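Observations on the three-dimensional arrangement
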Amino acid sequence: MVGYALRANPPYTEISLSRIAYVNGRYVPHRDACVHVEDRGYQFSDGVYEVCEVRAARLVDERRHMDRLERSLKELRISMPMPRSALAMVLRETVARNRVRDGILYLQITRGVARRDHAFPPPGTLPSVVITAKNYDLDRLEQGASEGIAVIGVPENRWPRVDIKSVSLLPNVLAKQAAREAGAKEAWFVDAEGRVTEGSSSNAWIVTREGAVVTRPADFGILRGITRTVVLDVIAAHGLTLEERAFTMEEAYAAREAFVTSATQFVMPVVRIDGRPVGNGAPGLIASALRRDYHDHAETA
Ligand code: PDD
């Protein structure tokens, strides 16, 4: 079968191959992978997701991603569609069928298909499960990291439960598009007090002039990123000073370094914020060291 590549913005470049998606119990060609029009994910964004890195054909930090998935489902009272052990097998099978070596796995679970009604569907409605996996171009990602990215600030306009990894991402979509249109790669949400919460698809960090690494506490104002959790371990291993507190955009402008973390970018240096260079305008030493050592601290099953 002839494969095809979707167009994607850096830092990914998809590698062309015939892809397979898992949809509600079946492995189907990616181009035919569909859910019903009355899926509650489609109608109401009534679902959750996870994005997990695949490295050397293995899932990175699967345990933590599954823990977070179960938590998100519980918070929204969506049932786990299958036992965790069965889900783990399907994840592996999807990675294998797509011949993913270095890439990402996407998993989405919604409240299922039912006649449109805002309230929960009848008991017994099965959650919908979609899993996809794709390779990306690691060299290109590394090249991007060696250059660093620009970010812009945008007003925080999301609901207070962004600790739940829900597929309701409209503010994130609009923020990311605003970044693109400003020539930047990421947007940082800034709350009513002028303090950064997180990026549209990443956690936000700065390094102060004194060398302290600062990131917002993972309360209800941000997603508790898995990469963030691992990077906290790397910071401890390096003996760096950590300040888990909110920081303002002014602090970020004056910072020595800045970076973002996510499963798709690991530790990505930020070199411009709202058009102003961070530090000397090049990826910082601490961000680069955290990126270098990140995978030594992540769990690979
Ligand atoms: N996003 N904050 C937000 C809003 C995110 O969407 C993400 C990840 C993170 C970082 O979480 P983690 O380290 O677990 O990837 C923080 C994924 C990658 C996405 O939506 O594609």
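Residues numbered from 1 in each chain as written. Predicted model: local features only at pLDDT ≥ 70, side-chain atom pairs only at ≥ 80, totals over all residues. Heavy atoms only, no water.

1. Description of the site of the ligand
Neighbouring the ligand are 19 residues; Tyr-49, Glu-198, Ile-226, Thr-227 and Ala-263 lie closest to it. Side-chain polar atom of Arg-68 to an oxygen atom of the ligand: 2.9 Å apart, as the coordinates give it. Backbone polar atom of Ala-263 to an oxygen atom of the ligand: 2.8 Å apart, as the coordinates give it. Elements represented by at least two residues in the shell around the ligand include exactly strand 3 (47–55), strand 9 (196–199), helix 6 (226–237) and strand 13 (257–262). Taken together, the residues of the shell around the ligand sort by class into 5 nonpolar, 11 polar and 3 charged. In terms of domain composition, the shell around the ligand takes at least three residues from each of domain 1 (14–135) and domain 2 (141–296). (Near = heavy atom within 4 Å. Polar contact = N/O pair within 3.5 Å; in protein donor to acceptor, adjacent residues only side chain to side chain. Helix = DSSP H or I, 4+ residues; strand = E, 2+ residues; numbered from the N terminus. Nonpolar A, V, L, I, M, F, W, Y, C, P; charged D, E, K, R; others polar. Domains from an automatic or database assignment.)

2. Some remarks on the domain arrangement of the chain
Frequently, the measure chosen for interface size is the accessible area that the parts lose on association. Segmentation of the chain into domains returns domain 1 (14–135) and domain 2 (141–296). Using C-alpha coordinates to define each centre, domain 1 is positioned 26 Å away from domain 2. Taken residue by residue, the interface counts 21 residues in domain 1 and 21 residues in domain 2. Counting the surface lost from both domain 1 and domain 2, the interface buries some 1700 Å², and carbon and sulfur atoms represent 60% of this. Considering only the surface of domain 1 that becomes buried against domain 2, Tyr-49, Arg-64 and Arg-68 emerge as the three largest contributors, covering 34% of it. Measuring nitrogen to oxygen at the nearest pair gives 2.9 Å for the salt bridge that ties Glu-75 to Arg-161. Listed by contribution, the elements that provide at least two residues to the side of domain 1 that touches domain 2 are strand 3, helix 2 (62–76) and strand 5 (103–110). (Contact = heavy atoms within 4.5 Å. Buried area = accessible area lost by both parts, 1.4 Å probe. Salt bridge = Lys/Arg side-chain N within 4 Å of Asp/Glu carboxyl O.)

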